[in-house]
Amino acid sequence: MKRQSLKLLLTKIIVVVGLLACSADAAFAQPGSIDALLNQPGIIGTIGLLLLVVVFVAFIAIIRLGRVVQQLNMPQPNSQERNLDEALINLSPAQLGKLVERHQSLVYQLVGNELAGDEEPRDERGLISHLSTDVHSPLVAEKKKTFRNGEVDPRLITLVGAFLLSATFWLVFGTVVGWYVGIKFVRPDIDHIAWLSFGRLRPVHTNVVFWGWASLAMLGLGHFVVIRTGNTRLYSYGLGWFSLGLINICVGIGSVCLMAGINNGGGEYREFIWPVMGLFVAGVGVAFINFYQTVASRKTGEMYISNWYMLAALVWTLILTVIGYIPLYQNGMGETIIQGYYMHQAVGMWFMTFTLGLVYYFLPMSLNKPIYSYSLGVLAFWTQLLFYTLIGTHHYVFSPLPWSLQTVAIVFSAGMFIPVLAGTTNFLLTIRGSYKHIADSYSLPFLLIGILFYFVGSVQGSLQAFRFTNVIWHFTDFNVAHSHITMYGIISFMLWGCIYALVPRFLGREPKQLLVGVHFWFALIGLLAYIISLMVGGTLKGIGWLEGKPFIDGVVLMMPFWLWRAIGGTMMLVSHFVFAYNLYDMLLHKSLISDSALPMPQAHAI
Ligand code: HEM
Ligand code: HEM
């Protein structure tokens, strides 16, 4: 009853906030003067969102630091204890033998296996915790051991493993390129090679991380989810490998073509020429057939919500890539509308929709409890479909496109509050009461940060679509910050969370907890340095332009902010190498630690 009234209240809040967000005032208002800009709700809201992230991360960091300080303040041995230590060290062998004998008789107790014999004790459901007080590192929390799930088909392990390894290869390659492109902002003369010029490498970075890293990781994880949620077998392993091959070839050839200067023109994220992008479309088409047939043969009555999201994302992506490439509307204003549609559907209907489907499975799985509300998930799904498909033109606010079309895009961008609020509340209410598990899990910290950025990045996106904020931020580095809050903070963090949740269950091999901690903190702190510097710099640059300052002033102003981006980017890149090692350690490393040598479960803060 209480749960039902809470759901009702939530639905009411979502509807009211959504309606308020859609109010024409918020979308149409324009600043009277530049001084008044900083008083605008869009700007204030964005600063508030940024503070939310900083406070959240500071909170986690303070808890960890407190723990370190606590350990450093542990009482040191006094002089009496030290004398005793010395006396013990100087004992003769005979005295030592007697002492050991006495000690053994004092501590003798039943070993606990008198009834079970030599059977290894197992705790597959993780019911027993705190079996040891031995803290290995004060900086990284001890993680709960994940037990191997013996029923997984070895063919599935190989297929999903191949998807994840390919994805990780493209992540490392794509972000080495991104890092180099970032360095070029502070050292533009670093090379004079055409293949490495900014204009060629930038699309290599974006296309590789889009189609190589995020898409392959999503599809790999999706192959597991579609089987598990339907309690069935994969329709065809052959199709799975075929789809993996097609997408890998697409990204490989596409990158070489872009570096050689062979491209499709200026349309962002569709720089691959059509025969190359055709391979991607074919790969997604094959995956759709495989997923659809697997869902059709499910043994469960209901179709779990994850499958709604994944199947829909596959269909929408097929539609949008065909629309983006079909040789119609490829000139003038028509082309601009299609570009806006294509660009935002790629991020919203492919990456966001598919990844949400994965989180609807991996979050409850990691917490060992069901999702809070199926209905909220369905509400988020349909409202996402309603609002997302019409917001593409918010990329071209103040352009010569029809004013009414821009207004529709802005109002629908504000409408995105509804699915975002529904999704975030659903996830947070699922986690409610289980926050202590975040500390002893490899995957939950990544998922939690992904959820935080899902809220922050999307709401910030809605605020950015308003005319009074877009007039400052459009064309500035602020956009690049938004892209990384979303594609990195949401998508990449969520994917890492899902990968750390799944892979140890495949083979029973744990990553090294210190290295998972290094991956998490380097990626997070690097991202914060990246986005905060570009958001601040981008805003100052935009205001400068509005005040009529020359373009070059904006370039000079941005130098320190680009340097901070390069520093943050370097940390992010380091974290990707660490992640690649962790995946290798879990999937391919031969010398395994025996189960008994693995740390026992123990709870700490993240
Ligand atoms: C080491 C980590 C990374 C670094 C150093 C980095 C760096 C960069 C740089 C320098 C740009 C060009 C910005 C400009 O033209 O002003 C860029 C653009 C972009 N990157 Fe990254 N990146 C990284 C990771 C990622 C990841 C993992 C993703 C996606 C999963 C991603 C998605 C994008 C997107 C979408 C853009 C286009 C931004 C826009 O036009 O608004 N980046 N990145
Ligand atoms: C409520 C949801 C969102 C809204 C309302 C929104 C809004 C916006 C707006 C207004 C822009 C363009 C700004 C301009 O050009 O002046 C933009 C750009 C962008 N957004 Fe979002 N965003 C949302 C969610 C997302 C998500 C979830 C992702 C990624 C998964 C994403 C990725 C991007 C990228 C990559 C760009 C840069 C596109 C370019 O290259 O110009 N956004 N967004």
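Each value, and the rule that gives it
Residues numbered from 1 in each chain as written. Chains lettered and ligands numbered in written order. Predicted model: local features only at pLDDT ≥ 70, side-chain atom pairs only at ≥ 80, totals over all residues. Helix = DSSP H or I, 4+ residues; strand = E, 2+ residues; numbered from the N terminus. Expected span 1.5 Å × (residues − 1). Buried ≥ 20, exposed ≤ 12 C-beta atoms within 10 Å, placed from the backbone. Near = placed C-beta within 6 Å. Nonpolar A, V, L, I, M, F, W, Y, C, P; charged D, E, K, R; others polar. Contact = placed C-beta atoms within 7 Å. Core = buried A, V, L, I, M, F, W, Y, C linked by C-beta atoms within 7 Å. pLDDT = per-residue confidence, 0-100. Axes fitted to C-alpha atoms, helices over the stretch in contact; angles between N-to-C directions. Parallel < 35°, antiparallel > 145°, perpendicular 65-115°, else oblique. Left-handed = near helix turned anticlockwise from the far one by under 90°.

1. As for helix α14 (residues 417–431)
Here α14 is 15 residues long and its end C-alpha atoms lie 21 Å apart, about the 21 Å a rise of 1.5 Å per residue gives. Counting buried positions along α14 gives twelve out of 15 residues, so the element sits mostly inside the fold. Those residues of α14 not exposed but buried are F417, I418, P419, V420, L421, A422, G423, T425, N426, F427, T430 and I431. Looking one or two places after α14, you find G433, whose phi comes out positive at around 85°.

2. Some words on the site of ligand 2
Taken together, 28 residues sit near ligand 2, with M416, S458, G461, H474 and T486 positioned nearest. Listing elements by their share of the shell around ligand 2, those giving two or more residues are α11 (332–367), α16 (444–465), α17 (467–473) and α18 (478–507). Of all the elements, α18 adds the most residues to the shell around ligand 2, at seven residues. Among the residues forming the shell around ligand 2, the class breakdown is twelve nonpolar, 15 polar and one charged.

3. As for the environment of A167
On the secondary structure map, A167 appears in helix α6 (residues 154–186). Residue class for A167 comes out buried when judged on the 27 C-beta atoms lying within 10 Å of it. Sequence separation between A167 and M218 is 51 residues; the distance between their C-alpha atoms is 8.9 Å. Residue contacts for A167: discarding those within four places in its chain leaves G212, W213, L216, A217 and G220.

4. A few points about the environment of G489
Along the polypeptide, G489 turns up in helix α18. Separated by 34 residues in sequence, G489 and A523 place their C-alpha atoms 9.1 Å apart. Setting aside anything within four residues of it in sequence, one finds G489 in contact with F453, G457, H484 and L527.

5. Here's the deal with the site of ligand 1
The full set close to ligand 1 counts 23 residues, and T175, G178, G182, M487 and G569 are the nearest of them. Those elements giving two or more residues to the shell around ligand 1 turn out to be α6, α7 (198–230), α18 and α20 (551–587). In terms of residue count, the dominant contributor to the shell around ligand 1 is α18 (eight residues). A breakdown of the residues in the shell around ligand 1 according to their chemical character gives eleven nonpolar, ten polar and two charged.

6. A word on the nonpolar core
Core analysis: the largest hydrophobic core is formed by 150 residues, its most contacted members being A217 and L358. Looking at this core, the element that brings in the most residues is α18, giving 17 residues. For L358, the residues in contact, after removing those within four places along its chain, are M218, L221, G222, V225, S306, M494 and C498.

7. Here we look at the confidence of the model for the protein chain
For the protein chain, the mean per-residue pLDDT works out to 87, and 85% of the residues sit at or above 70. Note that pLDDT drops below 50 for residues 19–32; the model gives that stretch 24 contacts with residues more than four away or on any other chain. In this model, residues 591–606 is a region of pLDDT below 50 whose contacts with residues beyond four sequence positions or in other chains number 39 contacts.

8. Things to note about the packing of helix α10 (residues 305–325) against helix α12 (residues 374–388)
Geometry of a packed helix pair, given as the angle between the helix axes and the separation of the axes. In contact at an axis separation of 10 Å, α10 and α12 are set at 15° when each is read in the N-to-C sense. Here α10 is positioned roughly parallel relative to α12, judged by the angle of their axes. Every pair of crossing elements has a handedness; the one defined by α10 and α12 is left-handed. Packed against α10, whose contacting residues are I305, W308 and Y309, the element α12 presents Y374, G377, V378 and F381 at the interface. Of the residues that constitute the contact of α10 with α12, the class distribution is six nonpolar, one polar and no charged.

9. Overview of the packing of α7 against α11
For the pair α7 and α11, interaxial distance at closest approach is 10 Å and the crossing angle is 40°. With respect to α11, the element α7 is oriented oblique. Here α7 runs over α11; the crossing is left-handed. Side by side, α7 and α11 meet where A214, M218, L221, G222, V225 and T229 of the first sit next to F351, F354, T355, L358 and Y361 of the second. Of the residues in the contact of α7 with α11, the class split is eight nonpolar, three polar and no charged.

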